[in-house]
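What follows is the residue order along each chain.
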Amino acid sequence: MNEAGVGRMLPASLHQGIADLLPNRLEFYEEWLNPKAMRDGRIGLAPLAAVLSFLRREGDAYQLVSARAGEYAAEWTFADLSSLRRSFIKAAPLWLRLRLLTGVMQNMAGRTYRDCRTSVKWKKHTGTLRLSGSLFCVVREPVDHALCEFYGSAVRRLGELAGLELDVTSDRCRATGAERCTMTLTVRQP
């Protein structure tokens with residue numbers, strides 16, 4: 001984590017998402033997501049804010065890159081767990097797996113940005129995820145659609161890695177004027 005509280009995972013996952021989906025624009029974005037600075041953990045809030053602002057101007061590419069970056073963050077977070085913990089999560093009964101997955105989600109959110117917090121309340125096979133401090137949802141003026149795709153895709157992918165199919169729906173988003181971002185998580189096949 002650098003002084004601004006930005007972990008290495010967020011810049012790296014955005015960089016990889018851009019490389020995958022906007023390869024012709026990668027050089028432009030490397031002005032802010034410099035690979036050497038990423039390795040050294042020196043990407044701060046200002047460069048990330050610039051990247052996200054420019055990505056939002058790319059139209060549909062913003063959602064696609066954010067989603068891909070979220071998937072990478074989930075995969076890297078899950079891969080960083082010990083093999084024993086990964087096996088335990090996958091083998092746990094559904095009710096326990098959901099709670100263990102909640103802990104992994106919270107860990108991932110904190111690794112992307114120190115001030116990002118998540119909480120999930122599960123009721124049977126449906127959860128309500130509350131997200132505060134998301135850098136993706138910081139905008140000057142409210143927008144007309146949710147910008148939480150990074151975390152929605154990350155949660156969906158973490159579910160897949162844990163052997164669950166999760167539907168993730170954004171209910172409220174700070175970028176649209178809500179106090180915090182809220183998503184509904186539904187286990188498709190309990």
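Everything here concerns the structure above.
Each chain carries its own residue numbering, running from 1 in the written order of its sequence. Selection of residues for local features in this predicted model requires a pLDDT of at least 70, selection of side-chain atom pairs for listing and counting requires 80 or more, and totals for whole chains, interfaces and linings are taken over all residues. For side-chain calculations, the full set of non-hydrogen atoms in the structure is used, while hydrogens and water are omitted.

Before going further, it helps to spend a moment on unusual backbone geometry. At Lys124, a position not held by glycine, the phi torsion is positive, near 55°. Locating Lys124 in the fold gives a position in the loop between strand E1 (117-123) and strand E2 (126-132). Each residue's exposure class comes from its accessible area (1.4 Å probe, protein chains only) as a fraction of the maximum for that residue type: buried when under 20%, exposed when over 50%, partly exposed otherwise. A relative accessible area of 73% places Lys124 in the exposed class. Helix and strand definitions follow DSSP, with helices as H or I runs of at least four residues and strands as E runs of at least two, each counted in order from the N terminus.

If you trace the backbone, Ser13 turns up in helix H1 (residues 9-21). Any two residues whose heavy atoms approach within 4.5 Å are treated as being in contact. Setting aside anything within four residues of it in sequence, one finds Ser13 in contact with Ala69, Tyr72, Ala73, Trp76 and Phe150.

On to helix H4 (residues 45-56), then. Given a rise of 1.5 Å per residue, twelve residues ought to cover 16 Å, and the 16 Å separating the end C-alpha atoms of H4 matches this to within 8%. Among the structural elements, H1, helix H2 (26-29) and helix H5 (61-80) are those in contact with the buried residues of H4. Every helix has an expected span of 1.5 Å times one less than the residues it contains.

On the surface, a cluster of positive charge is made up of Lys121, Arg130, Arg172 and Arg180. Here Arg172 is to be found in strand E3 (residues 166-172). Surface patches are defined over residues having more than 30% relative accessible area and no salt bridge, joining like charges when they lie within 9 Å and nonpolar side chains (Val, Leu, Ile, Met, Phe, Trp, Tyr) when within 5 Å. Note on areas: these come from Shrake-Rupley sampling with a 1.4 Å probe, and a residue is covered only by the protein chains present in the view. By definition, a salt bridge exists where a carboxyl oxygen of Asp or Glu is found within 4 Å of a side-chain nitrogen of Lys or Arg. When charges are counted, Lys and Arg are positive and Asp and Glu negative, with His and the chain ends excluded. Charge placement uses NZ in Lys and CZ in Arg. For Asp and Glu, CG and CD serve respectively.

Here we take up the environment of Asn24. Locating Asn24 in the fold gives a position in the loop between H1 and H2. Given the relative accessible area of 79%, Asn24 is considered exposed. Along the sequence, Asn24 and Arg57 sit 33 residues apart, while their C-alpha atoms lie 15 Å from each other.

Glancing now at the nonpolar core. Grouped together as the largest cluster of nonpolar side chains are 59 residues, with contacts concentrated most on Leu14, Ile18, Leu55, Phe136, Tyr151 and Leu185. Phe136 has contacts with Leu10, Leu14, Leu52, Arg56, Tyr62, Ser66, Leu147, Phe150 and Tyr151, leaving out every residue within four places of it along the chain. Side-chain atoms within 4.5 Å are what join buried Ala, Val, Leu, Ile, Met, Phe, Trp, Tyr and Cys residues into a set we call a nonpolar core.

As for its position among the elements, Thr77 is in helix H5. For Thr77, a relative accessible area of 1% puts it in the buried group. Residues in contact with Thr77, not counting those within four places in the same chain, are Met9, Val104, Met108 and Arg111.

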